Amino acid sequence: MTAQTAAASLADRRLAKVSSRDVNVFYGEKHALKHVDLDIRANEVTALIGPSGCGKSTYLRCINRMNDLIENCQVTGSLSLDGDDVYDKKVDVVQLRARVGMVFQKPNPFPKSIYDNVAYGPRIHGMARDQAELDEVVMSSLERAGLLAEVKDRLEEPGTGLSGGQQQRLCIARAIAVSPEVILMDEPCSALDPIATAKVEELIDELRENFTIVIVTHSMQQAARVSQRTAFFHLGELVEVGDTEQIFTNPQHPLTQGYITGRFG
Amino acid sequence: MAENSSLVRSTPAAMAARLKRRYAAETRFRLAGITAIALALGFLATLIFTIFSNGLTAFVQTSVKVEVAFDPEVLGIGNDRSPDALAGANYGQVIKESLYKQFPTVEGRSERRELVGLVSSGADITLRKMLAANPALIGTTQSVWLIAGDDIDMAMKGHISRTPGADGNRLTDRQLGWIGDLERQGAIRKGFNTTLFTTGDSREPELAGLWGAVVGSFFSLSITLIVCFPLGVATAVYLEEFAPKNKWTDIIEVNINNLAAVPSVVFGLLGLAIFLNFFGMPRSAPLVGGLVLALISLPTIIIAGRAALKAVPPSIREAALGLGASKQQMVTDHVLPLAMPGILTGTILGMAHALGETAPLLMIGMVAFIVDIPASPMDPAAVLPVQVYLWADSPERAFVERTSAAIMVLLFFLGMMNLAAILLRKKFERRW
Ligand SMILES: Nc1ncnc2c1ncn2[C@@H]1O[C@H](COP(=O)(O)OP(=O)(O)O)[C@@H](O)[C@H]1O
Ligand SMILES: [Mg+2]
């Protein structure tokens, strides 16, 4: 590594919202993520792409420590949020997850009312002092998730009664109601039809203003449409990361090239 | 080449023969299944038919109309009208005198004893209640319907023959004649058997009731529920959601599953040793019965609870944890409410199982003859299945129908509980 690139990397690290160095993940014996150095910049959308099983979800779940739930899953290396080590013993995962929200592949609203779905996070984190404040948080979250117009007359109806796309936007509203700094999205559109997908993509672009977003996607078009930076994973390794434009037009690594031109995947 | 092809492809005739054999085998298989089901249904129908044909008549009771003269002299109370005097009055004598007057031709000690045998030896209670409610009746003559003796009742219901001199007839020819007389006068009738549903056990079948056993079962099951439900749910939640998966929890899991298969009588012995001998709790009490039944139902509830918790999809857990809920918040806010219908269904079925248990309760002395209706779980009591057992053991013909009636009441409660479980399951079927 030349002095120049080392300095650049240091600068990157200071810019980064989430920064990982030499992150390894083991599921028992299986080495699922290998020596990943990746910086995720604030107020940008970073797309993680790569063939199935290459470790995209695994990396994503390292950031909010959802991997803690998996038995015999071990994470090594350093991963920091705003410079603070996420895996430090002093870190409380409850607080971490309030700062790093997550949207899952399959929409998973609680089988409760639309209102309660969004209000749950603020409630458990004590973010609203009274009912009026809670109403305010719920309304603005639904508004920002672009769902308010569709559901404002039926806030008491179950969230599970919405369409798939609406459910996913409800899950996004639920995540942003906690005012996280980072939102992790694991293939958020893979269960949605094209129209719902377009709406969610539009929403992601708007959310970038206030949040740092990391999105795993199987669709290269989607990565190209919504992200500013793209990271390409292969067999547990981070092969290449760069501006989305550059990755798609001028990939440096032959594997990246092969993947984006559809030679494998 | 020709040989070879015959190996690979059989001739149409061989194929047809094989097909025929296959169809025949399938037909036999189906026939066996249908026979088995028919047999099972046949047994069930026989059982139900026997119980109903034996037991339905227990819901009615014969009574005899007697012109009762409330003579203060016969009552032996003189001018005393105090409640104490009324309670201690000689109502039996009043009934006797009234009957003698109604059948003036009856004379001689044995004949008169036969006459008095028309009404139940417990019929005086009716009169005592009448006077307690209205002392002004003293000195008057009233038509009163008195409970008939059990043999009269059996004859009226056709369970024993009314042909004079028939084999095994416990009624004398004279008594049969009097029944005929009463029928002609319209002074004998069958009405709804309220005694069965309002009183406790009795040596006299016509006075024996199920209410004591129903209350005893209710107390026992209440204790069982109070102990079992919180303990079972807490265990299930801990094992399913919090416990680390290691050798110890594996051993615990295996043992819980094994406990569910332990013969219930063993739990009875355990209860005898622990609750009665060690803690010195009262014998025959629903408190102890309930605790023993709790031991029996606990594994069932834990297993049902764990299954219900396991059925809550992981996506709901991830959603809660992803929002920053603690594990405990995840369980109490989301997982447990979603698992609750399943847990409740399992609990109801466990309770239904406990309701039908007999053997372990015999171990802790819940087989005593108890007349009083228990007022608390500490009082000695019978429970429904034990009542069935006790009555089934009694020689009187009238207890046969009451045994069947008790079984019907027990089955009714079991049916209601199972119905509740089914409705609950239907109502809350998978909503995510
Ligand atoms: N809970 C787990 N236990 C064991 N292995 C796992 C687990 N989750 C994922 N893996 C393995 O880790 C690798 C990366 O998985 P994942 O991160 O889900 O891939 P991606 O999201 O890129 O498709 C895969 O080979 C997968 O089989
Ligand atoms: Mg994945």
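All figures in this text were calculated on a predicted structure; none of them were measured in a lab.

Residue and element names in this part refer to chain A. Looking at ligand 1, the residues that line it are Tyr27, Lys30, Ala32, Ser52, Gly53, Cys54, Gly55, Lys56, Ser57, Thr58 and Ile70. Contact between ligand 1 and Thr58: an oxygen atom at 2.4 Å from a side-chain N or O atom of the residue. Contact with the protein chains hides 64% of the accessible area of ligand 1, taken as 560 Å² for the molecule alone. Every element with two or more residues in the shell around ligand 1 is listed here: strand 2 (30–41) and helix 2 (56–63). The greatest single-element share of the shell around ligand 1, amounting to 3 residues, is contributed by helix 2. Partitioned by chemical class, the residues of the shell around ligand 1 number 4 nonpolar, 5 polar and 2 charged.

Another point: the nonpolar core. Val36(A), Leu38(A), Leu48(A), Tyr59(A), Ile63(A), Leu184(A) and Phe233(A) are the most contacted members of the largest nonpolar core, which has 53 residues in total. In this structure, Leu48(A) is in contact with Leu38(A), Lys56(A), Tyr59(A), Leu60(A), Val214(A), Ile215(A), Val216(A), Thr217(A), Ala231(A) and Phe233(A), ignoring residues within four places of it in sequence.

Residues and elements named next belong to chain B. A sheet is described by the order of its strands in space; here 3 strands give the open sequence 2-1-3, paired in antiparallel fashion. Taken across any chain shown, the strands that pair with only one partner, and hence form the sheet edges, are strand 2 (141–147) and strand 3 (188–192). On average, adjacent strands in this sheet sit at an angle of 40° to one another, irrespective of strand direction.

Right, let's get into the domain arrangement of chain B. Residue and element names in this part refer to chain B. With domains assigned, chain B is organised as domain 1 (61–192) and domain 2 (211–428). Here the C-alpha centre of domain 2 lies 46 Å away from the C-alpha centre of domain 1. With 7 residues of domain 1 at the contact, the number on the domain 2 side is 5 residues. Taken together, both faces of the contact between domain 1 and domain 2 bury some 480 Å²; the carbon and sulfur share is 48%. Run the count over domain 1 and domain 2 and you get 1 salt bridge. Ionic pairing is found between Glu401 and Lys157, a salt bridge with its closest N-O pair at 2.8 Å. Counting the contacts that link domain 1 with domain 2 gives 4 residue pairs in polar contact (both at pLDDT 80 or more).

Where a strand is regular, its side chains alternate between the two sheet faces. All names here are of chain A. Both strand 9 (residues 229–234) and strand 10 (residues 237–243) contribute to a ladder of 6 bridges, which runs antiparallel. Its bridge partner lying in strand 10, Phe232 is registered against Glu240. Remark: 2 residues form the turn of the hairpin made by strand 9 and strand 10, two consecutive strands paired antiparallel; Leu235 in that turn has positive phi of roughly 50°.

Attention now moves to the interface of chain A and chain B. Chain A puts 23 residues into the contact, and the matching count from chain B is 18 residues. Summed over both partners, the interface of chain A with chain B buries about 1,700 Å², with 63% contributed by carbon and sulfur atoms. Considering only the surface of chain A that becomes buried against chain B, Phe110(A), Pro111(A) and Tyr120(A) emerge as the three largest contributors, covering 29% of it. Applying the counting criterion to the chain A and chain B interface returns 1 salt bridge. Measuring nitrogen to oxygen at the nearest pair gives 3.1 Å for the salt bridge that ties Glu318(B) to Arg61(A). In this assembly, chain A and chain B are joined by 6 residue pairs in polar contact (both at pLDDT 80 or more). Those elements that provide at least two residues to the side of chain A that touches chain B are helix 3 (93–99), strand 6 (100–103), helix 4 (114–124) and helix 7 (164–176) of chain A.

Right, let's get into the environment of Phe103(B). Residue and element names in this part refer to chain B. Looking at where Phe103 falls in the secondary structure, it is placed in the loop between helix 5 (91–102) and helix 6 (109–116). Spatially, the C-alpha atom of Phe103 lies 13 Å from that of Arg113, the residues being 10 residues apart in sequence. With residues up to four places along the chain from it excluded, the contact list for Phe103 reads Leu115, Trp178, Asp181 and Leu182.

This part takes up the pairing of strand 8 (residues 212–216) of chain A. Residue and element names in this part refer to chain A. The buried count for strand 8 comes to 5 of 5 residues, which makes it a mostly enclosed element. What you see with strand 8 is no split at all: Thr212, Val214 and Val216 on one side and Ile213 and Ile215 on the other are buried throughout. Sheet topology note: the strand 7 (residues 182–186)/strand 8 ladder contains 5 bridges and is parallel. From the neighbouring strand, Asp186 faces strand 8, where its bridge partner is Val216.

Calculation rules
Every chain begins its residue count from 1, and numbering advances along the sequence as written. Naming scheme: in the order in which they are written, chains are lettered from A and ligands are numbered from 1. Only residues with pLDDT of at least 70 get local features here, since the model is predicted, and only at 80 or more are side-chain atom pairs given and counted; chain-wide, interface and lining totals rely on the full set of residues. Each side-chain value is worked out from all heavy atoms of the structure, with water and hydrogens disregarded. Near residues are defined by distance, with any heavy atom within 4 Å of the molecule or strand qualifying the residue. Here a polar contact is taken to be a pair of N or O atoms separated by no more than 3.5 Å, where protein atoms must pair a possible hydrogen donor with a possible acceptor and residues adjacent in sequence count only if both atoms sit in side chains. Each accessible area is a Shrake-Rupley result for a 1.4 Å probe, and residues are judged covered by the shown protein chains and nothing else. Secondary structure elements are taken from DSSP: a helix is a run of H or I of four residues or more, a strand is a run of E of two residues or more, and numbering for both begins at the N terminus. The nonpolar class holds Ala, Val, Leu, Ile, Met, Phe, Trp, Tyr, Cys and Pro. Asp, Glu, Lys and Arg form the charged class, and all remaining residues, Gly among them, are polar. Buried Ala, Val, Leu, Ile, Met, Phe, Trp, Tyr and Cys residues that are joined via side-chain atoms within 4.5 Å together make up what is termed a nonpolar core. Relative accessibility under 20% of the residue-type maximum defines a buried residue, over 50% an exposed one, and the middle range a partly exposed one, all with a 1.4 Å probe and only protein chains included. For this analysis, residues touch if any pair of their heavy atoms sits within 4.5 Å. By this definition, two strands are paired if DSSP reports at least two bridges between them. A fitted line through C-alpha atoms serves as each axis, taken over the contacting stretch for helices, and the angle formed by two N-to-C directions is quoted from 0 to 180°. Start and end positions for the domains come from either an automated domain assignment or a database one. The term buried area denotes the loss of accessible surface (1.4 Å probe radius) that occurs when two parts are joined, taken as the sum for both partners. We define a salt bridge as a side-chain nitrogen of Lys or Arg found within 4 Å of a carboxyl oxygen belonging to Asp or Glu.

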